[in-house]
Amino acid sequence: MRGRATLSTCKVTSPLVASAELPKSPEGDPVFAEPWQANAFAMTVRLHEKGVFSWPEWAEALSAELYKPGRKADASDYYDCWVAALSRLVTELSLASGRELDDLTLSWQRAAEATPHGQPIVRENDPLR
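Described in the following lines is the structure provided in the data block. Every value quoted in this text rests on a predicted model; they were computed, and no experiment measured them.

Looking at the packing of helix α1 (residues 35–49) against helix α3 (residues 78–92)
Between α1 and α3, the shortest axis-to-axis distance is 10 Å and the interhelical angle comes to 35°. In the crossing of α1 with α3, the sense of the turn from one axis to the other is left-handed. Here Trp36, Gln37, Ala40, Phe41, Met43, Thr44 and Leu47 of α1 lie close against α3, whose contacting residues are Tyr79, Asp80, Trp82, Val83, Leu86 and Val90. Classifying every residue of the contact of α1 with α3 by side-chain character gives 10 nonpolar, two polar and one charged.

Quick notes on unusual backbone geometry
What is expected of a backbone is that most residues other than glycine have negative phi and most peptide bonds are trans. Unusually for a residue other than glycine, alanine 75 sits at a positive phi of about 60°. Overall, alanine 75 belongs to the partly exposed group, its relative accessible area being 29%. Positive phi is not limited to glycine here, since serine 94 has a value of about 60°. Structurally, the position occupied by serine 94 is in the loop between α3 and α4 (98–114). The exposed category is assigned to serine 94, whose relative accessible area is 63%.

Thoughts on the environment of leucine 128
As for its position among the elements, leucine 128 is in the segment after α4. For the pair formed by leucine 128 and serine 107, sequence separation is 21 residues and the distance between their alpha carbons is 7.7 Å.

A closer look at the packing of helix α2 (residues 55–66) against α3
With their axes 8 Å apart at the nearest point, α2 and α3 run at an angle of 130° to one another. Taken together, the axes of α2 and α3 lie oblique to each other. Where α2 crosses over α3, the two elements pack in a sense that is right-handed. The residues of α3 that touch α2, namely those facing Glu57, Trp58, Glu60, Ala61, Leu62, Ala64, Glu65 and Leu66, are Tyr78, Cys81, Trp82, Ala84, Ala85, Leu86, Arg88 and Leu89.

Side note on α2
Side chains three or four residues apart in an α-helix point the same way, a direct result of the helix having 3.6 residues per turn. Here α2 contains 12 residues, and its C-alpha end-to-end distance of 16 Å stays within 8% of the 16 Å for a straight helix at 1.5 Å per residue. Buried within α2 are the following residues: Trp58, Ala61, Leu62, Glu65 and Leu66. Along α2, the residues classed as buried sweep out an arc of 130° about the axis, all on the same side. Turned more than 90 degrees from where α2 packs its buried face, Pro56 and Glu60 sit exposed. Residues of α2 that are buried in the fold lie against α1 and α3.

Quick look at the packing of aromatic side chains
Evaluated as defined, the whole model comprises eight aromatic pairs. Taking the centre distance of 6.0 Å and the plane angle of 50° together, the rings of tyrosine 78 and tryptophan 82 count as tilted. Of this pair, tyrosine 78 and tryptophan 82 both sit in helix α3, four residues apart, which is roughly one turn of that helix. Ring pairs connect the aromatic residues Phe32, Phe41, Phe53, Trp58, Tyr78, Tyr79 and Trp82, which therefore count as one cluster.

Thoughts on the pattern of salt bridges
Working definition: two side chains of opposite charge can pair if their charged atoms are close together. According to the stated counting rule, one finds seven salt bridges in the structure shown. With its nearest N and O atoms 2.9 Å apart, the salt bridge here joins aspartate 77 to arginine 71. Since its relative accessible area comes to 9%, aspartate 77 is described here as buried.

The rules behind each value
Residues numbered from 1 in each chain as written. Predicted model: local features only at pLDDT ≥ 70, side-chain atom pairs only at ≥ 80, totals over all residues. Heavy atoms only, no water. Axes fitted to C-alpha atoms, helices over the stretch in contact; angles between N-to-C directions. Helix = DSSP H or I, 4+ residues; strand = E, 2+ residues; numbered from the N terminus. Left-handed = near helix turned anticlockwise from the far one by under 90°. Contact = heavy atoms within 4.5 Å. Nonpolar A, V, L, I, M, F, W, Y, C, P; charged D, E, K, R; others polar. Buried < 20%, exposed > 50% of the residue type's maximum accessible area, 1.4 Å probe, protein only. Parallel < 35°, antiparallel > 145°, perpendicular 65-115°, else oblique. Expected span 1.5 Å × (residues − 1). Arc of directions from axis to C-beta. Phe/Tyr/Trp six-rings, centres within 6.5 Å; stacked < 30°, edge-to-face > 60°. Salt bridge = Lys/Arg side-chain N within 4 Å of Asp/Glu carboxyl O.

Written out as structure tokens, the structure is:
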């Protein structure tokens with residue numbers, strides 16, 4: 001089983017920390033099973049802090065994803081729902097198109113496949129970039 005990283009050294013004051021079902025440590029800090037989860041969380045917090053979307057907009061988008069049929073009983077898909085909500089807001093607010101998000105996803109996947117084990121994944125490793 002993989003260890004869990006925490007943001008305990010980071011002061012997160014955003015109301016996003018109060019998001020429904022957000023996995024937290026006993027101290028109340030967000031916890032993540034994978035680095036991409038922390039990245040998705042950080043991007044969302046930053047966009048909210050910049051005023052790109054409001055707390056009610058985020059809560060509505062995340063709730064819509066969290067309460068869709070077919071969720072995993074153990075809630076292990078929580079951050080998948082988080083990313084889906086963020087993607088939805090990004091496209092609805094015209095920050096990026098669905099096509100742009102799909103292209104970026106594919107580019108990151110190619111970069112990950114081309115990156116030697118143990119090295120940081122960077123988009124520059126995408127052989128088609």
